[in-house]
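Report on the structure
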Amino acid sequence: MYRIRYRIRRVFLPPLLAGILITFTLIIINNNGSLLRQVFYNYQINFHGIPGSYLSTKTPNESYCNFRYGLPEELLYEESDLSFPFEEKDKSPYRILRDAVEAKWDKSVPEVTYATHATADFINYIPEIVRFWEGPLSIAVFIPDSDADLTIRQLAQLCFCTPEMGRVSVHFVFPLSAPPYLQNHPEKLTCELPDSSKLSTFRMTNEIMYPINVCRNIARSYSQTDFVMVTDIQLVPSEELASRFVEMTRALHVNKPKPPSRVYVVPVFEVEAYDVIPRTKDELLMMVKEERAVYFHRHICSHCQKFPGVKTWLEINPGSVNIKPFVSVKREYPFHRWEPIYIGGKNDPLYSEALSWEGLQDKMTQMLEMCLIGYQFVILDGAFLVHWPGIKKEKHKFNLKNSWRMSFQQQNSKQYSKIIKELRRKYEDNPKCKL
């Protein structure tokens, strides 16, 4: 038996004064005299910029999570509890511990899952997503060595401080060469989260490759709903996205997805640093008009998230709060470099697990396969995602500090070419499916 143990000394402290709470209402008047609604809930973003900081005034309660494997005080698992990635299976250098935290919900929860991935230094974003996503979440977390300790300590805080965590499933992914390691030290459990972005992680210190597509596949495949949105953990959903999507599928008599089929694209935007995150399309359109928001990666990769019809999409007054189809397209030339975030099914093509985050272009081969199969991409109106505030305006530069990534990029390039050849042999070629 694998036995990894530490104890949490549960000291429930009274609420701490996190400073003077400033009550304010942000009102913006557009050219027509209409008002943007109150965004008081977002004051943490304006004053702090640290995700999850709103929890600091809460008091730990009984756990809202269904912990397994002895968590959160111990981590106990047998070899038979471990599963394998989907492509290399038992030949893979990675192993998975499914449902370390297992979600449970009632019938009132809309059945579409937010499936995502994380490392120990991104755990702060989980409470931001669960308070705005009404459906279940499935999260695959990469926990090599002592990153398991950093991750579980943060999850323990979230599970004792955030009621919405009851809808979250967490799966652990780790390399056989660096199995999870937990330190034995007492903890004072509070709801004041550390800034996880400042944590010194085992992964970064040892320059360990992040198997992003292994995590994506695990998060999606271990979801408990038919509809799944595979996304990144820094993308905040628009108001009631999950429930309104379910309402749309019912109105259109859309059954559960069956590939080859169609998927439903959720446009992605970004806003200026320390600005508010728009919750509705009318708020988003106002911010775009004022140049406080743009479609995602507009300045560093203009083709990556520039979806077909974006100009028209931004000119349409929402008129209602409903989600509805905007246009149905195929991901073909000239949109062959488009990387949409979409709501699909668990049986859509896998993400290529031989590709790493460090090596770049990690989603492109899956996009090619969907193009060759003939998928329809239905772009939704009234639904969108917004990246955590901060518009990127310069492409990432490989300097001496991060030159270690170059070897991963070379490795990705080799695997990329190999995968493309295999896909073109597997499917009838379509000259419009370019890369």
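Below or above, wherever it landed, is the structure these notes cover. Remember, predicted model here, so these are calculated numbers, not experimental data. (Residues numbered from 1 in each chain as written. Predicted model: local features only at pLDDT ≥ 70, side-chain atom pairs only at ≥ 80, totals over all residues. Heavy atoms only, no water.)

All right, on to the environment of I343 then. Within the fold, I343 resides in strand 15 (residues 342-345). Residues I343 and P257, 86 residues apart in the sequence, show an inter-C-alpha distance of 9.7 Å. Other than its neighbours up to four places away in sequence, I343 contacts V112, F227, V228, M229, L241, F245, V263, Y264 and V266. (Helix = DSSP H or I, 4+ residues; strand = E, 2+ residues; numbered from the N terminus. Contact = heavy atoms within 4.5 Å.)

In this chain, L71 is followed by P72 through a cis amide linkage whose omega measures 5 degrees. Within the secondary structure layout, P72 lies in the loop between strand 2 (66-67) and strand 3 (74-77). In this model, Y333 is joined to P334 through a cis peptide bond whose omega is 10 degrees. In this fold, P334 is placed in the loop between strand 14 (324-329) and strand 15. Despite not being glycine, E240 has its phi angle at roughly 50 degrees, a positive value. Position of E240 among the secondary structure elements: in the loop between strand 10 (235-237) and helix 6 (241-251). Phi is positive for E291, close to 60 degrees, though the residue is something other than glycine. Within the secondary structure, E291 is located in the loop between helix 7 (281-289) and strand 13 (293-295).

On to the sheet that holds strand 12 (residues 268-271). Read from one edge to the other, the open sheet built from 4 strands follows the order 10-17-12-13, with strand pairing classed as mixed. Bordering the open sheet on either side are strand 10 and strand 13, each of which pairs with just one other strand. Taking the axes of each pair of neighbouring strands and ignoring which way they run, one obtains an average angle of 35 degrees across the sheet. Sheet topology note: the strand 12/strand 13 ladder contains 3 bridges and is antiparallel. Paired with F269 across the bridge in strand 13 is Y295. (Pairing = 2+ DSSP bridges. Axes fitted to C-alpha atoms, helices over the stretch in contact; angles between N-to-C directions.)

This next bit is on helix 3 (residues 147-161). Since the α-helix turns once every 3.6 residues, residues separated by three or four places project in the same direction. Look at helix 3: 21 Å from first C-alpha to last across 15 residues, which is about the 21 Å you get at 1.5 Å a residue. Counted residue by residue, helix 3 has 14 buried out of 15 residues, so it is predominantly covered. (Expected span 1.5 Å × (residues − 1). Buried < 20%, exposed > 50% of the residue type's maximum accessible area, 1.4 Å probe, protein only.)

The topology assignment puts R131 in the loop between helix 2 (126-130) and strand 7 (137-142). Along the backbone, R131 and V236 are 105 residues apart, and their C-alpha atoms lie at a distance of 9.6 Å.

All right, on to the side chain of S169 then. Topologically, S169 is positioned in strand 8 (residues 168-175). Apart from the residues within four sequence positions on either side, S169 is in contact with D99, V101, E102, A103, L137, S138, I139 and Q224.

Glancing now at the state of the cysteines. Tallying each qualifying case throughout the model produces 3 disulfides. Here C65 engages in a disulfide with C159; their sulfurs sit 2.1 Å apart. Here C65 and C159 share a disulfide; its torsion about the S-S bond, -80 degrees, makes the bridge left-handed. Taken together, the residues span a long stretch of sequence, with C65 in the loop between helix 1 (43-47) and strand 2 and C159 in helix 3 at a distance of 94 residues. Exposure remark for C159: the relative accessible area of 0% places this residue in the buried category. One disulfide bridge connects C371 with C433, the sulfur atoms lying 2.0 Å from each other. In this structure the cystine formed by C371 and C433 twists about its S-S bond by roughly -85 degrees; its chirality is therefore left-handed. Here C371 is found in helix 9 (residues 364-373), whereas its partner C433 is found in the segment after helix 10 (405-426), with 62 residues between them in sequence. Across the pair, C433 and C371 agree in class, each one buried. (Disulfide = S-S within 2.5 Å.)

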